[in-house]
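Tertiary structure, described
Now for the letters of each chain:
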Amino acid sequence: MSRVKTLQNLFKRYRRPGDIVFAWFLFLLAAFLILQLTDQTTWRPGTKLFAQPRFWPAVSLGCMTVFAAFHLLGSAWSVRIPGRWQEVWLWISALEYAAWFIAYAALIPYTGYLLTTVVFAVALAFRAGYRSLPMMISAVVSAVVIVLLFKTFLQVNLPSGLIYEQLPNGLRQIMLTYF
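Here goes a summary of the coordinates provided. Note that the structure is a prediction, hence the values are computed from the model and not measured. Starting afresh in each chain, residues are numbered from 1 along the sequence in its written order. Only residues with pLDDT of 70 or above have their local features reported here, since the model is predicted, and side-chain atom pairs are shown and tallied only from 80 upward, although totals for entire chains, interfaces and linings are computed over all residues. Side-chain measures were taken over the full set of non-hydrogen atoms in the model, leaving aside hydrogen atoms and water.

1. Here's the deal with the overall build of the protein chain
What counts is decided by this rule: Counting from the N terminus, the helices are the DSSP runs of H or I reaching at least four residues and the strands are the DSSP runs of E reaching at least two. With the radius of gyration taken over C-alpha atoms, the globule rule is written as 2.2 Å times the number of residues to the power 0.38. Note on classification: 1.4 Å probe, protein chains only; a residue is buried when its accessible area is under 20% of the maximum for its type, exposed when over 50%, partly exposed between these limits. By definition in these notes, contact holds between two residues if any of their heavy atoms fall within 4.5 Å. Throughout, the Shrake-Rupley method with a 1.4 Å probe supplies accessible areas, and for residues the shown protein chains are the sole cover considered. In this charge count, Lys and Arg are treated as positive and Asp and Glu as negative; neither His nor the chain ends contribute. To locate a charge, take atom NZ for lysine, CZ for arginine, CG for aspartate or CD for glutamate.
Of the regular secondary structure elements, the protein chain holds 8 helices and 0 strands. Going from the N terminus to the C terminus, the protein chain shows its helices and strands as α-α-α-α-α-α-α-α. Over its C-alpha trace the protein chain gives a radius of gyration of 26 Å, far above what one expects of a compact globule, namely 16 Å for 179 residues. Taking the principal axes of its C-alpha atoms as reference, the protein chain extends roughly 70 × 55 × 40 Å. Per-residue burial over the protein chain gives 20% buried out of 179 residues. Sequence-distant contacts in the protein chain: of pairs separated by 6 or more residues, those separated by 24 or more amount to 67%. With the model as given, the accessible surface of the protein chain reaches about 13300 Å², and the carbon-plus-sulfur share is 71%. Distance from the positive charge centre (15 side chains) to the negative charge centre (5 side chains) of the protein chain: 12 Å.

2. Observations regarding the packing of helix α2 (residues 19-35) against helix α5 (residues 84-111)
Counted only if it meets this: For helices, the fitted line uses only the C-alpha atoms of the stretch in contact; every axis is such a line through C-alpha atoms, and the angle between N-to-C directions lies from 0 to 180 degrees. Every angle not falling under 35 degrees, over 145, or within 65 to 115 is termed oblique; those three ranges are roughly parallel, roughly antiparallel and roughly perpendicular. Residues are grouped as follows: nonpolar covers Ala, Val, Leu, Ile, Met, Phe, Trp, Tyr, Cys and Pro; charged covers Asp, Glu, Lys and Arg; every other residue, Gly included, is treated as polar.
α5 packs onto α2 with a crossing angle of 55° between their chain directions and a minimal axis gap of 8 Å. In terms of their interaxial angle, α2 and α5 are classed as oblique. Taken together, the residues of α5 that come into contact with α2 (itself represented by Ile20, Val21 and Phe22) are Arg84, Trp85, Val88 and Trp91. Here the residues of the contact of α2 with α5 sort into 6 nonpolar, no polar and 1 charged.

3. Some details on a nonpolar patch on the surface
Note the threshold: Patch members must show over 30% relative accessible area and no salt bridge, and they are joined within 9 Å when carrying like charges or within 5 Å when they are nonpolar side chains of Val, Leu, Ile, Met, Phe, Trp or Tyr. Salt bridges are defined by distance alone: a side-chain nitrogen of Lys or Arg within 4 Å of a carboxyl oxygen of Asp or Glu.
Where nonpolar side chains cluster on the molecular surface, the patch consists of Phe22, Trp89, Leu90, Trp91, Ile92 and Leu95 and spans about 650 Å² of accessible area. With 5 residues, the top contributor of residues to the nonpolar patch is α5. With respect to the element layout, Leu95 can be found in helix α5.

4. Topic: α5
Heads up, the rule is: How far a helix is expected to stretch is found by multiplying one less than its residue total by 1.5 Å.
With 28 residues, α5 extends 41 Å between its outermost C-alpha atoms, agreeing within 8% with the 40 Å of an ideal straight helix rising 1.5 Å per residue. Backbone geometry just after α5 places Gly112 at a positive phi near 90°.

5. Some words on the pattern of salt bridges
The tally for this structure, following the rule as stated, stands at 1 salt bridge. Measuring nitrogen to oxygen at the nearest pair gives 2.7 Å for the salt bridge that ties Arg127 to Glu96. Of this pair, Arg127 sits in helix α6 (residues 113-127) while Glu96 sits in helix α5, placing them 31 residues apart in sequence.

6. Details of the environment of Pro57
With respect to the helices and strands, the residue Pro57 is situated in helix α4 (residues 55-77). Pro57 gets classed as partly exposed once you look at its relative accessible area, which sits at 29%. In this structure, the C-alpha to C-alpha distance between Pro57 and Val156, residues 99 residues apart in sequence, is 36 Å. With near-sequence residues (within four places) excluded, Pro57 lies in contact with Leu37 and Thr41.

7. Quick look at the side chain of Arg54
Among the structural elements, Arg54 can be located in the loop between α3 (37-40) and α4. Here Arg54 is buried and forms no salt bridge, its nearest opposite-charge partner Asp39 lying at an N-O distance of 7.5 Å.

Dropping the structure here:
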């Protein structure tokens, strides 16, 4: 038994509510990147076409722009599906976790790996809706285990926090080495 009955079924398009927004974003990004090509690459006289530094980026960005334009046309001609802005808001809200990670990485050199990891684990558990005491304790234990695994057992070199400089000598050395 064949799963594909016709060629039309093979290329059937399943749209989502935010498809037109994504198509516009992809097309504008591709157009922007292809316009930057002359500033970012060079064309060397006397060099074969396929060895030119600009050739393969131009091919890939040209294809990206053409296919993005086709996607945009297909999205524009398709039937509008309600819920476009809810879908776009869902994409934007996912960027919140990227902001959490950037803040985490920016704070480690100041507050140290252990304190930052514990605080962010508890904050993210709270943000995700786990607000009971057992869940908060689990977040703290998980954060300490992660720190011990990476810093102590795997000996991953991570920046030590400036806060560790305020500790007494013996404790400071332990914190710098293991936490």
